[in-house]
Amino acid sequence: MTDFVEIFEVGPRDGLQNEARPIPTADKIALIDTLSRAGFRRIEAASFVSPKWVPQMADGAEVLAGVTRQPGVRYAALTPNLKGYERAKAAGADEIAIFGAASEGFSRANINASIEESLARFAPVAEAARADGIPMRGYISCVTDCPYDGPTPPGKVAEVAEKLRGLGCYEISLGDTIGQGTPESITAMLRAVLEAVPADRLAGHYHDTAGRALANIEASLGLGLRVFDAAVGGLGGCPYAKGATGNVATEAVADRLAALGYATGLDRAVIEEAADMARGMRGGQQAKA
Ligand code: HMG
Ligand code: MG
């Protein structure tokens, strides 16, 4: 049997959040509706963060309300705190994600909290999600390199991953936020994390700043990971990580996985359609970076 690898589509959130030009809600909905036909099981559609911090994501509730939900697809949203969780729940997000970091500098810049403070802030979100039966994913940013603190010790990533698992995250997505990881540093990081969390509870989330995301995915496949985040059209970046470019492009990951003999269950023609739409949404100017 062909080994299955899931691509978790994050373009409508991680891809679009960094665009300086306001993108009409209807365009976001059209992109998600196209992605919904491509065979993804999970699509990150929105984030319920402070609209002052990330204005592009302020219309998350309207986006989720406007999407034509496909059976078998879970529409996910980022929730940094209880306020974000309540907004996501009211908007009908099928799953939520808390997002922390393995470096203090990025944690402070991205969510205005130390790592410890962020975990304390996530605890009530986790409790509420558990009580409501809403699945919760966890992100860790800067798993190999931080734009503020330099290289990240692998042990720190393992420590945060274990804590997120302890809070009830069903999966931990490991973010190479600024795309500086190499197959060697990704391997070292994963070996440490795998001591704490099994491979079937991990996902790779690699930005392609240095053009190494596909190589990093291959290194991760070798260590047993079978879920990778990607964004159609290679959209994206992070407003709080200067120089971070897009997520690895979904179409490139799908092609590489197919070449390696993995099944993804995705319709390549529909992905291309969505990638065209995504590229059309990309403005010249990036938001504050
Ligand atoms: P803060 O200023 O410390 O928060 O920000 P606060 O609790 O003091 O609240 C300040 C104001 O924000 C208040 O409003 C709150 O009501 C409001 P005011 O009284 O001033 O009018 N507020 C909210 N409004 C709506 N929804 C909310 C919410 N929370 C507070 N949820 C906070 C702390 C976490 C809110 C802020 O830092 C924030 O929103 N950060 C998000 C930044 C972000 O979205 N970054 C990008 C996503 S992470 C990423 O891209 C990395 C990832 O892809 C993985 C990788 O690549 O590494 C996941
Ligand atoms: Mg990201």
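Structure: above.
Computed from a predicted structure; not experimentally measured.

> Please clarify how helix α9 (residues 213–222) should be interpreted in this entry.
Given 3.6 residues to a turn, an α-helix orients residues that are three or four positions apart in the same direction. Every buried residue belonging to α9 is among Ala 213, Asn 216, Ile 217, Ala 219 and Ser 220, and all of these are buried. The arc enclosing the buried residues of α9, seen along the axis, measures out at 160°, which places them on a common side. Positive phi appears at Gly 224, one or two residues downstream of α9, with a value of about 100°.

> Looking at this model, I keep getting lost on the site of ligand 1. Mind explaining?
Inspection of the region around ligand 1 gives 28 residues, with Val 49, Gly 84, Ser 141, Gly 175 and Thr 177 positioned closest. Those elements that place two or more of their residues in the shell around ligand 1 are α4 (82–90), α5 (104–111) and β5 (136–141). Broken down by element, the shell around ligand 1 gets its largest block of residues, three residues, from α4. Considering only residue class, the shell around ligand 1 consists of 12 nonpolar, 12 polar and four charged.

> Honestly, the packing of helix α10 (residues 250–259) against helix α11 (residues 268–281) in this entry has me stumped. Any pointers?
If you want to describe how two helices pack, look at the angle between their axes and the distance between the axes. Look at α10 against α11: their axes get within 10 Å of each other, and the N-to-C directions meet at 155°. With respect to each other, α10 and α11 are oriented roughly antiparallel. Note on packing geometry: the crossing formed by α10 with α11 is left-handed. Contacts between α10 and α11 involve Thr 250, Glu 251 and Ala 254 on the former and, on the latter, Arg 268, Ile 271, Glu 272 and Ala 275. Taken together, the residues of the contact of α10 with α11 break down into three nonpolar, one polar and three charged.

> Would you explain the packing of helix α8 (residues 183–194) against α9 in this entry?
At a minimum axis distance of 9 Å, the contact between α8 and α9 shows a crossing angle of 35°. Read as a crossing pair, α8 and α9 show a hand that is right-handed. Between α8, through Pro 183, Ile 186, Thr 187 and Leu 190, and α9, the contact on the second element is made entirely by Ala 215, Asn 216, Ala 219 and Ser 220. Class assignment of the residues belonging to the contact of α8 with α9 gives a composition of five nonpolar, three polar and no charged.

Reading the values: the criteria
Residues numbered from 1 in each chain as written. Chains lettered and ligands numbered in written order. Predicted model: local features only at pLDDT ≥ 70, side-chain atom pairs only at ≥ 80, totals over all residues. Buried ≥ 20, exposed ≤ 12 C-beta atoms within 10 Å, placed from the backbone. Helix = DSSP H or I, 4+ residues; strand = E, 2+ residues; numbered from the N terminus. Arc of directions from axis to C-beta. Near = placed C-beta within 6 Å. Nonpolar A, V, L, I, M, F, W, Y, C, P; charged D, E, K, R; others polar. Axes fitted to C-alpha atoms, helices over the stretch in contact; angles between N-to-C directions. Parallel < 35°, antiparallel > 145°, perpendicular 65-115°, else oblique. Left-handed = near helix turned anticlockwise from the far one by under 90°. Contact = placed C-beta atoms within 7 Å.

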